[in-house]
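Coordinate inspection notes
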Amino acid sequence: MADEKKSGAALAEAPAAAAAKTPSVMPKRFVPWPEGREKPRIWIGMGTCGTASGAQALKEEIAAFLEDHKLEADVMPTGCVGMCHNEPLVDIQVKGRPRVCYRKVSSKNLQQILKEHLLDGEASKRSAFGQLPNPDEKQVLYEGVPLFHDEPFFKDQVKIVMQRCGVVDYYAIDDYLATGGYEGLRKAVTMTSDQIIDEVKKSGLRGRGGAGFPTWMKWKFARDAEGTPKYMVCNADEGDPGAFMDRAVLEGDPHTLLEGMIIGAYAVGAKYGYIYCRAEYPLAIKILTEAIKQAKERGFLGDNILGTGFAYDIIIKEGAGAYVCGEEMALLNSIMGERGMPVIKPPFPATHGVWGKPTNINNVETFANIAEIVQRGGDWYAYWGSETTKGTKTFALTGKVKRPGLVEVPTGTTIRKLVEEIGGGMTLKKVGFKAAQFGGPSGGCLPAEYMETGIDYESLNAGGAIMGSGGVVVLDEYNCMVDTARFFMEFTVDESCGKCTPCRDGTALMLQILERITHGEGELGDIPKLQQISHFTKANSLCGLGQVAPNPVLTTLRYFRDEVEEHIVDKKCRAHSCDELIEYVVMEDKCTTCGLCKPPCPTDALQWEKKQTAFINHETCIRCKACVMACPFMAIK
Amino acid sequence: MTTATKVGTITVTINGETIGVPKGTRIIQAAQLLGIEIPTFCYHPRMRPQAACRICTVEVVKPMNKMFMACATEIMDGMEVLTDSPRTLADRRTNLDLLLTQHPLDCPVCDKGGECKLQDYSVKYGSSENPFETKRKDYPEDIRSTVLDFNSNRCILCGACIQVCSDIQQLSAIGFSKRGFITVVGAPMGEPLDCEFCGQCMDVCPVGAITSRFSKYKFRPWQEEKTQTTCTYCGCGCQYNLRTMDGEVSRVTPIEGVGPGQGSLCVRGHFGFHFMEDAQRLTKPLVRRGDKLVEAGWDEALAEAAKGLAAAKAAKGGAGIAGIAGGRLANEDLYLFGRLMRNALESPNFDSTLRYGYINAATIMHKALGVTGMMNSFDDLRRADAVLLVGSDITQEAPICGLAVKDGITKRKMPVFTVDSMKTEIMKLGAGRLVITPGSEVAAIKGLVKAVVDEGLIDAGVAAKYPAAVAAIKKEMAGTYKEIETPTGATKADLVAMARAFANADKGIILAGPRVMGGLKGASALAMLIDLAFLTGNLKPGAGVNPLTGENNELGLVLAGAAPELLPGGLPWSDGAARARVEQAWNCALPEFPGNSLTDLFDGMREGRIGAAYIAGTDPVRSLPAELNVAASLDALDFLVVQDLFLTGTALRADVVFPAQSYAERDGTFTNMEGRVQRIRQAMKAPGKARPDWQIFSAVARELEVPLEYAGTDEIRAEAAGLIPQFAALDVTNAGHGVDVTAALEAYLAGAYLKTMDDRYDLPAVLNTASPHETRLYLADSLFHSGQMSTHNWGLMKIDPADELVMNPREARKLQIAEGDKVRVTSLLGSAVVPVKLSSHANPGTVLFPKHCAQSHVRDLMGVVVGSREEGSVPQFRFERVTVEKVH
């Protein structure tokens, strides 16, 4: 307890100290042009996202083009840069000119891009997203092509975790080394354990898995725990629906993760490590396996790391598809071959972890920050971010925004900036912002009044949501809030391990009530019932999964109670999303009084008499849509 | 009201009452000390908390205000807890409401109704109206296993059953499948449950999700009568409640925290309760009329028995009568049987089933250490630093003692080393094992002693204090490892590794099973184990040597002096002072020389030296192989009295048969292998006119005009306690922390230890070398059976009909034998045809057959070697060389 208070005080002092310093420079990584090379270089965004949008076909077409024109070029895969809305991406660089990023490349415009860029020596302006001049090299800029980093999507982003994602070849350790890789480790092995932990403490880094526990404290507990060997485990079981931050790092920059883990292992005194990665990320596992192999070959992993005698080895453990295995105790059980079920704490993993030995577990994103913190110093890192939450946070921005994607911003950035500036505003002009859902099934929906709130652990918690792993779903007026809560609850019910009563039975019951409400069978008494079960489940669940599972329901009741009541009392869904609550009406101006709609109605709810507009009786209508289908004039809505 | 009681180092306040507790105490334990009830489903005092059911939620107000689970939360100094605050009660109610929402509420037809925690808590903490509503679960009941039915609709998924199976029984026969709301409990992969059927999952189930087929719909808890009694199957002596309804046994329930098992039971104890009500029970005395045994009245039968015995005594003297007692009789019966034989009939020929092996434990333990039975208690086993288990499949033979060993393994990672000729369950869990050739236990033990000596593992204190004894044994170990490796098949490296690991433990306990004492040189083998404990410094409180018993009251046999070389109190016949005390107490003269042992008695019967015999509580015709000619010996007798529960093979040859009462129908005491004297109590009425054994002995004595009259078993025990001090106090174990063997040990080291040294370490010849047969047949103990009693249980017979030869699967494949095939087993003595069961319990080259099975006459294939007088005259017949071939 005393320690926690002290750390709080230390965090409070930090901004004053930071203000006195010169602002930290945002790191931008560029792959240097190899000396003496003449051949152009081509990068294809081939993360899971790029591959899904057709990058594999592009790769074959590029190879065919090069062969047809007797050209030689290096074609390399690279990870995700975050622009989901512009996939697939192809970057091309020729000697002496900046790298140019092309967006929405398809077989339609690929030939033109390659022709203009490789044969004509000019960027193909129509498809170019931006150029990335490397300030360290003399490069002649292309005219009429915007600067990549000045584009609104990137302008406000600060990339620390994702600095190399989409930039380097993910299979090449040399790219990583050329962009400052393993410098943090080289520095770390000259430091003592205390110095490293101190640096992490100064940085103010908190667990990016969602709970926000100070990382340095976790490391200290594990280091001070008795027992050998110790384990440094990475939680890469990213399971929130719509969250893919960790995947981007695993695929785009595996060595950042490894470097962070190795530094952590050095600080904690760990000898072995596991990366618990979900089996649904096959590409990530493939890339990681290759990265571990290369790191061992270069002496960054193994029995004698950088010649210091320090030994650390990493094994990848594939998860079997259970969301709850992202919970640390369930994860440890799963590593040990047990059923993936959480276990009561204490004892904590710091003292009794894998195989009963001291174990430290951090999330992928947490580890991805470490190398930079050690290399540039804790103070540099602490410059970024809000008062209580330092550094940056990656968000998977999805939903009704124009530019969905992966964004990394300093904590404290407002929701408005995230949605309107980086995300480019709402998809549909006339349909307004309704809420932003943070933290997936463990989080909650924050309404428009939170637009100006800076995002950090504390502000989100105060609003009833959580940071979680960083999923943000933007909802507009066409999204039903009850149905959204129901969706996340359905996920939790499916993924609850079944060990403790509140989570197992509480969530199942909440789901049933929510389903009833969305089906128009709700009662006013359902709202206090939902509240009762929510509070019970929050206070009494065994692990984090159950303790936060009611959040979607609670925030919905807190901010959108009128919408819930509308479902119950008026049997109406204002978002026109809940099927059973849609009322079909005949539009008088379109109705030709033909009467074709009458025969199909199975309940005689549709009443029609010759030369009169049809009329639907809502009490007997079963919403089968038979009349809608039958009307040739689309007069029934 | 605040009452501060200082017990430990930190304080906690629960509902305003303050108590001091030791650090590490959990909220639920402190509440128990204060007498505050906290409801629990998944919590069990003998297992680590799971905190799964969340019903034990309590509100902590200091140091932070939060809901905590009482079962798992360790107390912080100054903590304030409320177990009945509105928030606690509301959460508890919601929890129950959630459970009851899907629970089938079929209480009227649920066996658990009346003792169901969900029912009780609903009344106490629930609401009368459940606000929630949902579809109830609708799984079909899983009734595929022999005993246990799983009703997933009633299950509240607390996981206690799974935990008891994995942590206490260490089988993990059941587990969760699926997840979340649709999780169900059952055997893996949806297979029918086929396990050891200890039934502990059912015992810990707070609701009626797991029920026993043997008791289903046969009882309502509040209509049952329950009687605490002692289990009658093995030497563990577990305490349980025998429950009856309308005079019939309905079920057996454990008593948490009581007795040697602390609330655990095995399949025999839990489900073997049908033999008392078996239709084949003897109900009336029988007397021989020509070729037939006909029913008679007690008076007629008693008069006839007395007449026959008196005639034999008149013709051949007291020594012309033999008495043979079984280890299933109660302490009081045995004492009285001894007095009848030695006092009323003036016969020295009083022997018993001790002769099957435990006699060696009785004599050697007393001679070397002055101890009767075990040096350690089951609690010592739970706390030991290492256990060496030799010649016992402990989880089958003494399952609850096995659980004590398992407890050490789970909770403290206690290393267990096993030396045995078959692959046992405990071997798999243990830290080291030697799988040796059947019958070579003596050689293996010698190998361990040699390793201790050669590797310099002798305890420094022992070497300094007893240099002469150590020097003598060093001299004896001059031979090579070759002479050990050849008969055992164990390597020097294995022996040394095991000896080193065991010697390095502070408190090492040695457990010796029936294959040590009952082997060819049983007495020497046990003496060697004592040497091993002596050399490694393990003859001290908390450590030691412990012989395991087979029958439930073998220690009672020892204490009653039921062997010609023993006196009441387990003292040697040669002890003149003790003999004088007995003569004084019984007011009679005892013969100076001990009588004949069992095999001599059979020889004597055939040779005409013995004219009459009185056999009670045992069936030598069934338990001994044909080579001993037991049946012919009994047929040669002029007069035979048999007293038993059933018309056994022995009883068929009798002139008078007395129907005895089972343990459930009478009072008395049994002595378990630790030396605890524990009560049995009448729970039901005996069938017909059966009488307790002691009353029959007393009545026979009356007819012989040597009155041995008692009002009840307590009076007998009170008299016996004059000679047998162990009988004076009930329910205490003499074994345990307090046993100091130094004085007896020093006397032994100066005398018999040195004298028998040469003979002791002479290895016996390998068994039956003359036989041309290659495969080794071994008579093994079964978890499910022990003999007459167990095989008269229709329940146990359903679980394990077990008249099967166990073969190694790989070896069976070579001979093209599949499970269920019939094979012919041939030894020098004949052949028998039996079905085959495949299991890796049998090593290649070895086949196993259950010891208790008499039907298929496999036992009659066994050659018998009777040990020398020094080795207890034990008839050794557990191993034989045979050939197994498929019958087409």
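Everything quoted here is computed from the prediction, not taken from an experiment.

Here we come to helix H26 (residues 693-703) of chain B. Among the 11 residues that make up H26 of chain B, eight are buried, leaving the element largely enclosed by the rest of the structure. Those residues of H26 of chain B lying buried are Asp693, Trp694, Ile696, Phe697, Ser698, Ala699, Val700 and Ala701 of chain B.

Residues and elements named next belong to chain A. Read across the open sheet, the five strands follow the order E8-E9-E7-E6-E10; overall the sheet is mixed. This sheet does not close on itself; its edge strands, each paired only once, are strand E8 (302-305) and strand E10 (359-363). For this sheet the average axis-to-axis angle between neighbouring strands, irrespective of direction, equals 25°. Bridge analysis of strand E6 (residues 230-236) against strand E7 (residues 270-278) gives seven bridges, and the strand direction is parallel. Its bridge partner lying in E7, Tyr231 is registered against Tyr272. Its contacts with the sheet place helix H12 (residues 282-297) against E7 and strand E9 (310-319), and it is angled at close to 165° to E9.

Attention shifts here to the side chain of Thr389 of chain A. All names here are of chain A. Note on placement: Thr389 falls in the loop between helix H15 (378-382) and strand E11 (392-399). Since its relative accessible area comes to 1%, Thr389 is described here as buried. Residues within four places of Thr389 in sequence aside, it is in contact with Arg206, Arg208, Thr411, Asp456, Tyr457 and Glu458.

Turning to the packing of helix H8 (residues 193-203) of chain A against helix H11 (residues 254-268) of chain A, a few remarks are in order. Residues and elements named next belong to chain A. Direction vectors running N to C along H8 and H11 enclose 125°, while the axes themselves pass 8 Å from each other. The orientation of H8 with respect to H11, classified from their angle, is oblique. Considering how the two elements wind past one another, H8 and H11 form a crossing that is left-handed. Residues Ser193, Ile196 and Ile197 of H8 pack against Ile263, Tyr266 and Ala267 of H11. Tallied by class, residues from the contact of H8 with H11 come to five nonpolar, one polar and no charged.

Residues and elements named next belong to chain A. Across the sheet, five strands lie side by side as E2-E1-E3-E4-E5; this open sheet has mixed pairing. Two strands close off the open sheet at either side, each with one partner strand: strand E2 (74-78) and strand E5 (128-132). Pairwise comparison of adjacent strand axes, ignoring direction, gives a mean angle of 20° for this sheet. Sheet topology note: the strand E1 (residues 41-45)/E2 ladder contains five bridges and is parallel. Within the sheet, the bridge partner assigned to Gly45 lies in E2 and is Thr78. Helix-sheet contacts for helix H3 (residues 55-68) involve E1, E2 and strand E3 (90-93), and the interaxial angle to E1 is about 160°. Most of the contacts of helix H4 (residues 107-119) go to E3, to which it runs at about 15°, and overall it touches E1, E3 and strand E4 (99-102).

Here we take up the domain arrangement of chain B. All names here are of chain B. In terms of domains, chain B is made up of domain 1 (4-84), domain 2 (217-273), domain 3 (286-353 + 556-564 + 597-728), domain 4 (374-547) and domain 5 (775-886). Each of domain 2 and domain 5 has a C-alpha centre, and these two points are 31 Å apart. Between domain 2 and domain 5, the contact holds eight residues from the first and 11 residues from the second. With both chains or domains summed, domain 2 and domain 5 bury close to 720 Å², and 66% of this area falls on carbon and sulfur atoms. The largest share of the area that domain 2 buries against domain 5 comes from Tyr233, Val267 and Arg268, three residues that together contribute 65% of it. Where domain 2 packs against domain 5, one counts zero salt bridges.

The subject of this paragraph is the packing of aromatic side chains. Overall, the coordinates contain 32 aromatic pairs over all chains when judged by the stated rule. With a centroid separation of 5.9 Å and 75° between ring planes, the pair formed by Phe129 of chain A and Phe154 of chain A is classed as edge-to-face. Of the two residues, Phe129 of chain A sits in strand E5 while Phe154 of chain A sits in helix H5 (residues 152-155), which places them 25 residues apart along the sequence. Comparing Phe129 of chain A with Phe154 of chain A shows no difference in burial state: the two are buried. Geometrically, the ring pair formed by Tyr466 of chain B and Phe534 of chain B is tilted, given 5.6 Å between the ring centres and 55° between the ring planes. Of the two residues, Tyr466 of chain B sits in the loop between helix H15 (460-465) and helix H16 (467-476) while Phe534 of chain B sits in helix H20 (residues 522-535), which places them 68 residues apart along the sequence.

Further remarks concern the pairing of strand E15 (residues 321-325) of chain B. Successive residues of a regular strand alternate their side chains across the two faces of the sheet. Residues and elements named next belong to chain B. Counting buried positions along E15 yields five of five residues, so the element is predominantly enclosed. Burial of the side chains of E15 extends over both faces: Ile321, Gly323 and Ala325 are buried on one face and Ala322 and Ile324 on the other. As defined by bridge partners, E15 adjoins strand E24 (residues 612-616) across five bridges and the pair is classed as parallel. From the neighbouring strand, Ile321 faces E24, where its bridge partner is Ala612.

Each partner contributes residues to the interface: chain A has 30 residues there, and chain B has 32 residues. Across the chain A to chain B interface the summed buried area is about 2,500 Å²; carbon plus sulfur atoms make up 55%. In this assembly, chain A and chain B are joined by one salt bridge. Every element with two or more residues in the side of chain A that touches chain B is listed here: helix H18 (481-495), helix H19 (501-518) and helix H20 (526-540) of chain A. It is H19 of chain A that provides the largest number of residues to the side of chain A that touches chain B, a total of nine residues. Of the residues that constitute the side of chain A that touches chain B, the class distribution is 13 nonpolar, nine polar and eight charged.

About the thresholds
Residues numbered from 1 in each chain as written. Chains lettered and ligands numbered in written order. Predicted model: local features only at pLDDT ≥ 70, side-chain atom pairs only at ≥ 80, totals over all residues. Heavy atoms only, no water. Buried < 20%, exposed > 50% of the residue type's maximum accessible area, 1.4 Å probe, protein only. Helix = DSSP H or I, 4+ residues; strand = E, 2+ residues; numbered from the N terminus. Pairing = 2+ DSSP bridges. Axes fitted to C-alpha atoms, helices over the stretch in contact; angles between N-to-C directions. Contact = heavy atoms within 4.5 Å. Parallel < 35°, antiparallel > 145°, perpendicular 65-115°, else oblique. Left-handed = near helix turned anticlockwise from the far one by under 90°. Nonpolar A, V, L, I, M, F, W, Y, C, P; charged D, E, K, R; others polar. Domains from an automatic or database assignment. Buried area = accessible area lost by both parts, 1.4 Å probe. Salt bridge = Lys/Arg side-chain N within 4 Å of Asp/Glu carboxyl O. Phe/Tyr/Trp six-rings, centres within 6.5 Å; stacked < 30°, edge-to-face > 60°.

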